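Overview (structure and organization)
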Amino acid sequence: PPAPFNTTQFIRAASALGYSAQRGMSIAEDLYTAGYITYPRTDNTVYPDDLDPRERLEAFVGTRSFGDDAESLLDQAEITPTEGDEETTDHPPIHPTGELPGASDLDDDEWEVYELVVRHFFATVATPATWEHLRVVAEVGGERGEAGELSLKANGKRLLEPGYHAVYPYSSASESFVPDVTEGETLAVTDAVFEAKRTQPPRRYGQSRLIETMESMGIGTKATRHDTIQKLYDRGYIESDPPRPTRLARAVVEASEEFAERIVSEEMTAQLEADMQAITRGDATLADVTAESREILSEVFEGLMASTEAVGEHLQESLKADKTVGECPE
């Protein structure tokens, strides 16, 4: 079963339902304000000791949408929630409070996000799923490749016990079947097809993948990452979904790397975030961190001021390029 929801994993799950990072967080904040879920800005993936899973499940018994699943979970001999790698003391993982919305209290989007949070909580207290995997390797006689005899491979899997999948439809439980075979059996080749293909570039990062990457690089916080992406949209630096950089964005990055490389390095951003965390822990002082930041920014500013005209020309050309469709076909 999955670990409890922190902000990043919630955004990822909401993204799979079609919600942008900003929209998903906005709905979660509304649900929190209304008292239906816990605070949605958290890094924590371990439920607090005072959370009683049985008591929380009992709140949903008798409800039309969740009653049967809550009862099935309560029938388990033991209820032990999963735990993630991150345990903090500021806020618990995102989960339902047990306060139930009325029939007309939520619109369709709010209900969909609320159900996601409820069912994710159900999944974290459910049993594991049991799968059977079958891998068939068939040797092809008479033909040899660079690494020796050629072989054909097929992988199959069957869901024996659905476990948490029974209450959490958002995770894939698709099965793939391959026929039962015995070792040494000879199989007939019914057809052979040659296909010419080209390698494709990797897919663009979606918003949730961007936020996960920002988290792994130490850029931003649980409270700012989704806002950062929205600001990039608002300022015309990215467009479409998944996000694609505009010509202006490329120009800003190129100019920054050429004239103010330090300020756009993820190392500097991550270091500032780490320094601010150090202040909250008492390992660093506000005065020391701000003094260091001022020194870095002053150095960057001096470099930019010395190259004002070059930077301006570079950005101006890119602004024009973003507004140019191309040659008229007539």
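**Let's talk about the layout of surface pockets**
The computed volume of the largest pocket comes to approximately 1,400 Å³. For the largest pocket, the lining is made up of 30 residues, of which Ile 219, Thr 228, Leu 232, Val 253 and Val 264 are closest to its centre. Elements that contribute at least two residues to the lining of the largest pocket include exactly helix H6 (207-217), helix H7 (225-234), strand S4 (244-245), helix H8 (247-259) and helix H9 (266-281). If you tally residues by element for the lining of the largest pocket, the top one is H8, at 6 residues.

**So, the nonpolar core**
In terms of nonpolar packing, the biggest core is built from 40 residues, with Phe 10, Leu 31, Ile 37, Leu 57, Tyr 114 and Phe 122 touching the most fellow members. Counting only elements with at least two residues in this core, the list comes to helix H1 (7-16), helix H2 (21-33), helix H4 (67-74) and helix H5 (108-124). It is H5 that provides the largest number of residues to this core, a total of 8 residues. The residues contacting Leu 57, other than those within four sequence positions of it, are Ala 70, Leu 73, Leu 74, Ile 79, Phe 121, Phe 122 and Val 125.

**Remarks on the side chain of Asp 69**
Inspection of the secondary structure puts Asp 69 in helix H4. Excluding residues within four positions of it along the chain, Asp 69 makes contact with Arg 119, Phe 122, Ala 166 and Val 167.

**Brief notes about the environment of His 133**
In this fold, His 133 is placed in strand S1 (residues 130-145). Taking the relative accessible area as the measure of exposure, His 133 reaches 58% and is therefore exposed. With 112 residues separating them in the primary sequence, His 133 and Ala 21 have C-alpha atoms 35 Å apart. Dropping the residues within four chain positions of it, His 133 is found in contact with Gly 156 and Lys 157.

**Concerning the pattern of salt bridges**
Under the criterion given, the structure shown has 12 salt bridges. Note that Arg 41 and Glu 29 form a salt bridge whose closest N and O atoms lie 2.4 Å from each other. Here Arg 41, found in the loop between H2 and helix H3 (53-58), pairs with Glu 29, found in helix H2; they are 12 residues apart in sequence, far enough to count as distant. Residue class for Arg 41 comes out buried when judged on its relative accessible area of 16%. Glu 132 is paired through a salt bridge with Arg 158; the nearest N and O atoms lie 2.5 Å apart. Of this pair, Glu 132 sits in strand S1 while Arg 158 sits in strand S2 (residues 148-161), and the two are 26 residues apart along the sequence. Here the residues in one salt-bridge network are Asp 43, Asp 90 and Lys 222, joined through shared partners.

Reading the values: rules and limits
Residues numbered from 1 in each chain as written. Predicted model: local features only at pLDDT ≥ 70, side-chain atom pairs only at ≥ 80, totals over all residues. Heavy atoms only, no water. 1 Å grid on protein atoms, 1.4 Å probe; cavity = no way out; pocket = protein on both sides within 12 Å on 5 of 7 lines; lining within 4 Å. Points joined across faces, edges and corners; volume = space filled by probe spheres on them. Helix = DSSP H or I, 4+ residues; strand = E, 2+ residues; numbered from the N terminus. Core = buried A, V, L, I, M, F, W, Y, C linked by side-chain atoms within 4.5 Å. Buried < 20%, exposed > 50% of the residue type's maximum accessible area, 1.4 Å probe, protein only. Contact = heavy atoms within 4.5 Å. Salt bridge = Lys/Arg side-chain N within 4 Å of Asp/Glu carboxyl O.

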